Every structure is written in C-alpha cells, then in structure tokens.
Amino acid sequence: ELMTSQPAGEGSRRALADLVFVVLDVETTGLRPDRGDRVVSLAGVKVQNGAVQRDGVFDTLVNPGRPIPARSSAIHGITDEHVAGMPSLDAVLPAFLRFAEGGVIVGHEVWFDLAFLEPEAKRMGLPAIPSGNGVVDTRLVSRLIHGSLPDHTLDAVAERLGVTIQGRHSALGDALATAEVLVRLLPLLHQRGITTLAALLDAARTLRLPRGGT
C-alpha cells in the first residue's frame, strides 16, 4: 500500500497546522486504469494555515487519447468535444507536480486518483506523486473522527461538516469540497491529540482495510 510504502520523511514530524496540503481530484473515462481508462480532468487546491487557498488552484481538462464513454460523460459532463483541443496528461502531469511540490497530497478516496496518476508518473520518469510527504485520505480521516457513523462518502461527509458542494463530479468542484472538508477535519483531529502528520498517518494506517473493503 502506498501509505505504508511511502515514508513520510522529515515533514512527518511537523505540526499539521504548519503544512501545505494539496487536495486533488480526477475525472476519468472509467473506473479501471489497468484496462486503459484515462484521466479527462485534473484539479488541485491548496490548503494552508487552516484555509482553502482559492487563488492557488490547478484545474485543466485532459485529452485522454481515447473516446470517453457516454456513461462516464453522464456523470462528469465531459465529452470528446470538450477534450479535443486539450493537452495530454504527458503535458499536464509535470505541471501539476510543480504545483503540488512540497505539499501533502490529499483526496477523498485518494487511492482512486493515484491509481490513475502514479503509473503515468512512473512511465514519464517523474517523481512519485506523494514525493516524500505522505498521502492523506479524507475518507479515512472522517472515519477516525466519526467512525461510528456508517456513511463516509464525500456527499455524506460534506453534509455532516456543513460543506456545500458546488459542481459535484467536476474535478475542481470535488477538490474544493474535499479541501473545505479537510479544513473542518483538522481542528477535530487536534481535539483528539492528533497534531502531526506522522500521528495522522499512523492513525489512518490502522484503519486501512484490505482491498475490496468498504
């Protein structure tokens, strides 16, 4: 698993309040990168000093180099026409990694996003995406805080924390919503005595379920 195989490095001892988080989300042609599904949109939002940095946003459509199935377009609204003139991930991913450099990568079920991005980074000879700073999954953080509650989808977590999602199933909309969720989860972690990245990664690691878990 990425969380155990990627050491959190020197940054892990730093207080969560002092870190820069880069919240990412992808939209894709489908759910199976191992069967040729590819990214059609990539967004990133920074969280710093306990606030979403709305002026520091990465957001682009991506030409996947393959047709987008209608069932996927029905979810995220992105069609072949939208991506026809857009850059490929070969151009987008290096730019995103420059944007994310030094930040802790965050996502809601971030393993899904990384399953699309990590192999591509490797293919291009780029640095590993959680380059030394670890990865935080807001779904796991939600389970740390509200583990007794059954539902930890982005919609449920956002509603629980008073976050309104604008543009659900757009990469930027979901990334912004996840960033706002993170901002509200950080003080709740602090109340539980989880104040460093190392402590958070350790606590989350105990929750990691085998593949196929819920």
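As shown above, the structure is provided for reference.
The following paragraphs examine the structure supplied in this document. (Residues numbered from 1 in each chain as written. Predicted model: local features only at pLDDT ≥ 70, side-chain atom pairs only at ≥ 80, totals over all residues. Heavy atoms only, no water.)

### A word on the overall build of the protein chain
Each helix and strand in the protein chain was counted, giving nine helices and five strands. Overall, the C-alpha framework of the protein chain stretches about 50 × 35 × 35 Å when taken along its three principal axes. Looking at the protein chain as a whole, 49% of its 214 residues qualify as buried. With the model as given, the accessible surface of the protein chain reaches about 10,100 Å², and the carbon-plus-sulfur share is 51%. Here the protein chain holds 21 positive side-chain charges and 24 negative ones, and the gap between their average locations is 5 Å. (Helix = DSSP H or I, 4+ residues; strand = E, 2+ residues; numbered from the N terminus. Buried < 20%, exposed > 50% of the residue type's maximum accessible area, 1.4 Å probe, protein only. Areas by Shrake-Rupley, 256 points an atom, 1.4 Å probe, with all protein chains shown as cover. Lys, Arg positive; Asp, Glu negative; His and termini not counted. Charge placed at Lys NZ, Arg CZ, Asp CG, Glu CD.)

### A look at helix H5 (residues 110–123)
Helix length check: H5, at 14 residues, gives a terminal C-alpha distance of 20 Å against a target of 20 Å (1.5 Å per residue), a fit within 8%. Helix geometry: H5 is bent most strongly at Phe116, by close to 30 degrees, with proline Pro119 lying one to four residues after it. Those residues of H5 lying buried are Val110, Trp111, Asp113, Leu114, Phe116, Leu117, Glu118, Glu120 and Ala121. Taken from the residues just after H5, Gly125 is the one with a positive phi, measuring 75 degrees. (Expected span 1.5 Å × (residues − 1). Bend = angle between axes of the 7 residues up to and from the residue.)

### Details of the side chain of Asp137
When you line up the elements, Asp137 lands in strand S5 (residues 135–137). When its relative accessible area of 4% is taken as the criterion, Asp137 is described as buried. A polar side-chain atom of Asp137 sits 2.9 Å from the main-chain amide nitrogen of Arg139. In contact with Asp137, other than residues within four places in its own chain, are Gly107, His108, Glu109, Val110 and Trp111. (Polar contact = N/O pair within 3.5 Å; in protein donor to acceptor, adjacent residues only side chain to side chain. Contact = heavy atoms within 4.5 Å.)

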